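Commentary on secondary and tertiary structure
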Amino acid sequence: MTACVLALFAGGLAASGASAQTAPAQAKQAARKPAVAGPAIEIEPKAVAILKAASDRLAGAKTMSFTAYVSEESPSRLGPALMYTSRYDVALQRPDKLRVTSPGDGVATDLFYDGRTLSAHTPASNLLATAPAPATIDAMLQQAYTTADIYFPFTDLIVADPYKAIADGLRFAFYVGQSKTVGGTTTDIVAYGNKDVFVQVWVGAEDRLPRKMRAIYAADRLKLRHEMTLEGWTLDVAIPAEQ
C-alpha cells in the first residue's frame, strides 16, 4: 500500500533518445492528459482521529521533554545516498520556555528561549549569540526560521496547535495498521500528506504519543528519506530551572 501511494509522488516522464518524428505525437498525447496537481484526496476518518488524538495530547501538555533522533539522507559523490543522524534533547514549558540541546554528530549546540531572549551556544568554542525574541514559543520559532533559517524537524510537534500543520492542505490520510516493534510499545501507523510531502507516523496506541516519523518530499527527484525517532517522552512534569 505504501509503495502505491509513494508512486503518486514519482511523476514525470523519462524521455531518452526520442526522435523528432515521434515528438509531435507525444506532445499531442500529453496535451490530452489532465494536469495532475497532486495525489487524489483520500481521507479516512480513522486516520484523522489518530492524528487529532496525538495532536491534542501534545497541545494539552503544559510541559514536555523528549529526545529526537533525526536521520536524513544526502547523495554521496558516488550517487547512492548516505545517512546522517542528529540528536536533539528537547524540554519546553508553555507558553514561553524552550531548550534544545544537540550533542549529536557535528558541532554540538544549545538553544535557550525564555520568553524574551533567544540564545544559541556552542560549547566547544564557547561562543554565545543572543537576540530579542517574541513572547511565545510559536512566534519565536517563526522568527528564528525567517530571520536565521533555524528550523527543527520536530517543530510541528511543539507548537500550540500541532494538528493545524497537518490539516493545512491535507490531501490524503489512511490507516496502515499496527506495529509492535517501534518504540517498545504497540503503535498505530498512519500515512498522510499534501501535494508537497508524504509522511508516515507511528503513534502510541495507548498514550497517543508519536514514536517515529518518516517523510519524503514530492519536489525531491531523488526521493531522499527523512526519519525521526522520538524517545523518552515526559509530559506535565516540572522541568528543573537549569533546563
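Residues numbered from 1 in each chain as written. Predicted model: local features only at pLDDT ≥ 70, side-chain atom pairs only at ≥ 80, totals over all residues. Heavy atoms only, no water.

**Comments concerning the confidence of the model for the chain**
Interpretation of this model should avoid reading the predicted coordinates in detail wherever pLDDT is low. Where we set the bar: A residue's pLDDT is simply how confident the predictor is in it, with values from 0 to 100. Any two residues having at least one pair of non-hydrogen atoms within 4.5 Å are treated as being in contact.
Taken as a whole, the chain shows an average pLDDT of 84; of its residues, 82% reach a score of 70 or greater. Here residues 1–36 scores under 50 on pLDDT; set against residues more than four positions off or in separate chains, the count is 20 contacts.

**A word on helix H3 (residues 45–59)**
For clarity, the cut-off: Runs of H or I in DSSP of at least four residues are treated as helices and runs of E of at least two as strands, each being numbered from the N terminus. To estimate the expected span of a helix, subtract one from its residue number and multiply by 1.5 Å. Buried residues are those whose accessible area, probed at 1.4 Å on protein chains only, stays under 20% of the maximum for their type, while exposed residues exceed 50% and partly exposed ones sit between those limits. As used here, the arc is the angular range of directions from the helix axis to the C-beta atoms.
Between its terminal C-alpha atoms H3 stretches 20 Å, which fits the 21 Å expected from 15 residues at 1.5 Å a residue. Within H3, the full set of buried residues consists of Ala47, Val48, Ile50, Leu51, Ala54, Ser55 and Leu58. Each buried residue of H3 sits inside an arc of 160 degrees when the element is viewed along its axis, so together they form one side. What points out from H3, more than 90 degrees from its buried face, is the exposed set Pro45 and Asp56.

**Here's the deal with the nonpolar core**
What counts here: The criterion is simple. A nonpolar core is a set of buried Ala, Val, Leu, Ile, Met, Phe, Trp, Tyr and Cys residues joined through side-chain atoms within 4.5 Å.
Of all hydrophobic cores here, the largest spans 47 residues; its most connected members are Met64, Phe66, Leu98, Phe154 and Tyr192. Counting residues per element, this core draws most heavily on H3, at six residues. With residues near it in sequence (within four places) discarded, Tyr192 still touches Leu51, Ile166, Leu170, Phe172, Ala173, Val197, Phe198, Val199, Val201 and Met213.

**Observations concerning the packing of aromatic side chains**
Given two aromatic rings, their pairing is described by the distance between the two centres and the angle made by the two planes. What counts here: Note on ring pairs: Phe, Tyr and Trp rings are taken, using the six-membered ring of Trp, and paired if centres are within 6.5 Å. Classes follow the plane angle, with under 30 degrees stacked, over 60 edge-to-face and the rest tilted.
Applying the stated criterion to the full structure yields eight aromatic pairs. For the pair Tyr88 and Phe154, a centre-to-centre distance of 5.5 Å together with 70 degrees between the ring planes defines the contact as edge-to-face. In this pair, Tyr88 sits in strand E3 (residues 81–93) while Phe154 sits in the loop between helix H4 (137–148) and helix H5 (155–158), placing the two residues 66 residues apart along the sequence. Residues Tyr88 and Phe154 agree in their burial class; the two are buried. Here the aromatic residues Phe66, Tyr88, Phe152, Phe154 and Trp233 are joined through ring pairs into a cluster of three or more.

**Some points on the sheet that holds strand E1 (residues 42–43)**
This is how it is decided: Here, strands pair whenever DSSP counts at least two bridges between them. To get an axis, a line is fitted to the C-alpha atoms, and for a helix only the part in contact is used. The angle between two axes follows their N-to-C directions and goes from 0 to 180 degrees.
Reading across the sheet, the 12 strands line up as E1-E8-E9-E10-E11-E12-E2-E3-E4-E5-E6-E7 and stay open at both edges, with mixed pairing between neighbours. The open sheet terminates on both sides in strands that have one partner only, identified here as E1 and strand E7 (127–132). With four bridges joining them, strand E5 (residues 109–113) and strand E6 (residues 117–122) adopt antiparallel strand pairing. The residue bridging Phe112 from the neighbouring strand is Ser119, located in E6. On the sheet, H3 packs against E1, strand E2 (63–75), strand E8 (172–179), strand E9 (187–193), strand E10 (197–204), strand E11 (210–217) and strand E12 (226–235) and is oriented at approximately 80 degrees with respect to E8. Contacts from H4 reach E3, strand E4 (97–102), E5, E6 and E7 within the one sheet, and its direction differs from that of E4 by about 45 degrees.

**Details of H4**
For H4, built from 12 residues, the straight-helix expectation of 16 Å at 1.5 Å per residue is met to within 8% by its first-to-last C-alpha distance of 16 Å. Of the residues making up H4, those classed as buried are Ile137, Met140, Leu141 and Ala144. Down the axis of H4, the buried side of the element spans an arc of 100 degrees, and every buried residue falls inside it. Structural note: H4 exposes Thr146 and Thr147 on the side pointing more than 90 degrees away from its buried face. Lining the buried residues of H4 we find E3, E4, E5, E6 and H5. In the segment just after H4, Asp149 is the residue with positive phi, at about 60 degrees.

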